[in-house]
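Each chain, written out:
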Amino acid sequence: MSTTRVLITGAGGQLGHDLVAVCGAAGDDVVALDRAAVDVGDETSVRRAVSEIRPHLIINSAAWTAVDACESDPDRAMRDNADAVRWLRQEGEAVGAHLVQISTDYVFDGTLSRPYRPDDSPNPHSVYGRSKRVGEMNAGPDATIVRTSWVCGEHGANMVKTVLRLLPTTPELAFVTDQRGCPTFTADLAVLVRQLAVTRQPGIFHGTNQRAVSWYEFVREVVAAAGGDPAIVRPITTDELDPPRPAQRPANGVLDGSKLADVGISPLRDFSEPLAELIAVLRP
């Protein structure tokens, strides 16, 4: 059987880094494109890359994820997070490539009292969420869409790194208790994404590490895992954030991943395990 050629966009991001490593370790022929190689907001660049590389799989982990900045530049958000997906799909169809699109809990409004299932109706309340939802639709019905949340990894900016940076000099940390989600670690997520990609599973899947928490609860666990005292973390509400954030976050961003069992994929681990592994890497 011939080697699978996988084009990974956003290869410089935290998920992209781990996708490149996971696919490479599995023996795939990986073409890793970071922003310097291909700006996904540039149609000509995107179309040329796909037509020249002629991949079997396209995993689009590129996105403009600066949620608050998206509010003041909706045109860029739509270009990078939605138009780019349409260009990838169109060129991918021309060369017979299967598209895998990474999406987000921000496509939901966060008002449900239970975890969101893939078939629940999206209703994004932020520019970022709306752009990612249009990206899902632009991917088309044959694509694999993987929604995830609260992403953390060795590369790039994330909450774990922020907390570790603040710990030595900050006597008290304040985090919200009224936003809940599932922390997801790229080392695990990348494996899941490849599993879905190589079997070309169509449709929407939710992929997160297990266990829902508030940001307050998550940061307490990060502090404890780093050897600190979780009592330094103080609970606040979203309304108490100073300054307030421009983009509205879903109060409930918990994603139900049970659909993975339908295609024979086991749930990801409880997030405490990859959290401990990540901290060991970041603070050896």
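Residues numbered from 1 in each chain as written. Predicted model: local features only at pLDDT ≥ 70, side-chain atom pairs only at ≥ 80, totals over all residues. Heavy atoms only, no water.

Q: Break down helix α5 (residues 127-139) for me, with residues and values.
A: In this model, α5 (13 residues) spans 18 Å end to end at C-alpha, consistent with the 18 Å of a helix rising 1.5 Å per residue. Here the buried face of α5 lies against α3 (67-72), α4 (74-95), β4 (98-104), β5 (144-148) and β10 (203-206). Just past α5, the residue G140 takes up positive phi, approximately 85°. (Helix = DSSP H or I, 4+ residues; strand = E, 2+ residues; numbered from the N terminus. Expected span 1.5 Å × (residues − 1). Contact = heavy atoms within 4.5 Å.)

Q: Could you give an account of the pattern of salt bridges, naming the residues involved and the relevant values?
A: For the coordinates displayed, the defined rule picks out 20 salt bridges. E43 is paired through a salt bridge with R47; the nearest N and O atoms lie 2.8 Å apart. Here R47 and E43 lie together in helix α2 (residues 43-53), a separation of four residues that amounts to about one turn. Among the residues examined, E43 registers a relative accessible area of 36% and is labelled partly exposed. Note that D188 and R269 form a salt bridge whose closest N and O atoms lie 2.8 Å from each other. Of this pair, D188 sits in helix α7 (residues 186-198) while R269 sits in the loop between β12 (233-236) and α9 (272-282); the two residues are 81 residues apart in sequence, bridging distant segments of the chain. (Salt bridge = Lys/Arg side-chain N within 4 Å of Asp/Glu carboxyl O. Buried < 20%, exposed > 50% of the residue type's maximum accessible area, 1.4 Å probe, protein only.)

Q: Provide a residue-level description of α9, including the pertinent values.
A: Among the residues of α9, those classed as buried are P274, L275, L278 and I279. One side of α9 holds all its buried residues, which, seen down the axis, span an arc of 140°. Buried residues in α9 make contact with β6 (151-152), α6 (159-166), β9 (184-185), α7 and α8 (215-225). (Arc of directions from axis to C-beta.)

Q: If you had to explain the packing of α6 against α9 to someone new, which residues and values would you point to?
A: Between α6 and α9, whose axes approach to 11 Å, the crossing angle comes to 50°. Viewed along their axes, α6 and α9 adopt a mutual orientation that is oblique. In this structure, α6 meets α9 at a crossing whose hand is right-handed. Contacts from V160, K161 and L164 in α6 reach L275, L278, I279 and L282 in α9. The residue inventory of the contact of α6 with α9, partitioned by class, reads six nonpolar, no polar and one charged. (Axes fitted to C-alpha atoms, helices over the stretch in contact; angles between N-to-C directions. Parallel < 35°, antiparallel > 145°, perpendicular 65-115°, else oblique. Left-handed = near helix turned anticlockwise from the far one by under 90°. Nonpolar A, V, L, I, M, F, W, Y, C, P; charged D, E, K, R; others polar.)

Q: Help me get a handle on the sheet that holds strand β2 (residues 29-33), residues and values and all.
A: One open sheet accounts for six strands, arranged β2-β1-β3-β4-β5-β10; its pairing is parallel. Strands at the two margins of the open sheet, each flanked by one partner only, are β2 and β10. Pairwise comparison of adjacent strand axes, ignoring direction, gives a mean angle of 20° for this sheet. As defined by bridge partners, β4 adjoins β5 across five bridges and the pair is classed as parallel. Its bridge partner being in β5, Q101 is matched across the sheet by I145. Relative to the sheet, α7 contacts β3 (57-60), β4, β5 and β10, its axis offset from that of β5 by approximately 160°. (Pairing = 2+ DSSP bridges.)

Q: Mind laying out the side chain of N252, listing which residues take part and the relevant values?
A: Relative to the helices and strands, N252 is located in the loop between β12 and α9. Look at N252 and you get buried, because its relative accessible area is 10%. Side-chain polar atoms of N252 contact the backbone oxygen of L112, separated by 2.9 Å. Among all residues touching N252, those that are not within four sequence positions of it are G110, L112, R114, P115, Y116 and R180. (Polar contact = N/O pair within 3.5 Å; in protein donor to acceptor, adjacent residues only side chain to side chain.)

Q: Explain the packing of aromatic side chains to me, using residue names and the numbers behind them.
A: Within the structure shown, the criterion is met by six aromatic pairs. Here the aromatic rings of Y106 and Y128 are separated by 5.4 Å at their centres, their planes lie at 80°, and the arrangement is edge-to-face. In this pair, Y106 is assigned in the loop between β4 and α5 and Y128 in helix α5, connecting sequence segments 22 residues apart. Of the two residues, Y106 and Y128, neither departs from the other in class, the shared state being buried. Each residue in the set W150, W215, F218 and F271 is aromatic and connected to the rest through ring pairs, giving one cluster. The ring of W64 carries R76 above its face, with NZ or CZ at 4.0 Å from the centroid. (Phe/Tyr/Trp six-rings, centres within 6.5 Å; stacked < 30°, edge-to-face > 60°. Lys NZ or Arg CZ within 6 Å of the ring centre and 35° of its normal.)

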